[in-house]
Amino acid sequence: MKLIRLISTTAGLFSSIAGVSAGASSSPVTSSRPQLSVRTGITIRDGNFTDFDGLEPTITWENSQQLPNDVDVRYGIDLSAKTTNLASLPRRIWGRASRKFAADRFALSTRLDLDVQRMDTIDFQIDAADDDNDLKLTMVGSAAASLKRLVTSPRVSHVEFTKGFDNDGNRITVNPRYNVNYDHMDVVLTYDADDTLIKVTVSKEDQVVTISQQLNEENMISPTISSDGSLSLAWDRKLGDHNSVRTTLNPNRSVEVEWKDEAWTAHVNFPMEEDNLKGATVHIKRDVRF
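Residues numbered from 1 in each chain as written. Predicted model: local features only at pLDDT ≥ 70, side-chain atom pairs only at ≥ 80, totals over all residues. Heavy atoms only, no water.

Caption draft 1: Examining the packing of aromatic side chains more closely. One pass over the full model with this rule turns up 1 aromatic pair. Ring geometry for Trp61 and Tyr75: centres 6.0 Å apart, planes at 45°, overall tilted. Highlighted residues: Trp61 in strand E3 (residues 58-67) and Tyr75 in strand E4 (residues 71-80), separated in sequence by 14 residues. For Trp61, a relative accessible area of 32% gives the class partly exposed. (Phe/Tyr/Trp six-rings, centres within 6.5 Å; stacked < 30°, edge-to-face > 60°. Helix = DSSP H or I, 4+ residues; strand = E, 2+ residues; numbered from the N terminus. Buried < 20%, exposed > 50% of the residue type's maximum accessible area, 1.4 Å probe, protein only.)

Caption draft 2: Spotlight on the pattern of salt bridges. For the structure shown, the criterion picks out 10 salt bridges. The salt bridge involving Glu62 is made with Arg74; its shortest N-O contact spans 2.4 Å. Taken together, the residues span a long stretch of sequence, with Glu62 in strand E3 and Arg74 in strand E4 at a distance of 12 residues. Judged by its relative accessible area of 12%, Glu62 falls in the buried class. Residue Asp236 is joined to Arg246 by a salt bridge in which the shortest nitrogen-to-oxygen separation is 2.5 Å. Of this pair, Asp236 sits in strand E15 (residues 231-240) while Arg246 is found in strand E16 (residues 243-250), placing the two residues 10 residues apart along the sequence. Residue classification places Arg246 among the partly exposed residues on the basis of a relative accessible area of 33%. Through salt bridges that share partners, Asp78, Arg92, Arg111 and Asp113 make up one connected network. (Salt bridge = Lys/Arg side-chain N within 4 Å of Asp/Glu carboxyl O.)

Caption draft 3: Inspection of unusual backbone geometry at higher detail. Despite not being glycine, Ala103 has its phi angle at roughly 55°, a positive value. Even without being glycine, Asp168 reaches a positive phi, approximately 55°. Owing to a relative accessible area of 75%, Asp168 belongs among the exposed residues under this scheme.

Caption draft 4: Summary view of the nonpolar core. Leu67, Val71, Val73, Tyr75 and Ala97 form the largest nonpolar core, which has 5 residues in total. The dominant element in this core, judged by the number of residues it contributes, is E4, at 3 residues. (Core = buried A, V, L, I, M, F, W, Y, C linked by side-chain atoms within 4.5 Å.)

Caption draft 5: Seen up close, the side chain of Asp78. Checked against the element boundaries, Asp78 lands in strand E4. Judged by relative accessible area, Asp78 falls into the buried class, the value being 10%. Among the polar contacts made by the side chain of Asp78, one reaches the side chain of Thr60 at a distance of 3.0 Å. (Polar contact = N/O pair within 3.5 Å; in protein donor to acceptor, adjacent residues only side chain to side chain.)

As structure tokens, this is what we get:
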């Protein structure tokens, strides 16, 4: 019964996305080659790992099409490769429809996500952009998992605007954000001047400043200070061929390392207690695309 409900909901999801082109011109529908990727991950805590239960392989299938009226559609499904239960096999179904207007000045896209194990709601994200005015809008929310309530009863949980300015070749952005669920508002200001990027996040509770300085083509450092006195220092190093290492020191709290090596990504977290590092957590994942 749950599997039948899944198929019905999936059909409604993709029909609603494809429906944006209803009444469109007779231009042909084009499709790209579907992509398949497999992701595996393993987590080790305190050096303890006994068997392969820590492996959580995920299979992702995705495809894209261009519909009439220049509507670009992408859709996909995440599957668990660890279970033999057909009802538990699908994890997430998603689809995005995008279109540009007025000689590509305006862009609008909508993404729908369905958690198959929680099928009573559909998550959505709406993005709109005005390139001439350097303005972007993003809204995130959820709605009941039916086409009628998706249209009439959406609930917005997050909204943000981003406005960009040019200042003698340097770029300034202003990004107010509001989280409806937590009734929390902040503003992110950035100033990008060649090798220096300054980011200031201001809210009623806290103010955070990050200054990122590009030292050379391979190295960048980013100290961060918060109004509560907390400090952190991040060091990004490029290793070539899209490989990189990011090391973040949070004094008296932790040391975090993220190492990307082609399809492999390793996250290591060392909690700090006085001068000791113990209780380390290591998470390794790999993406393989076909």
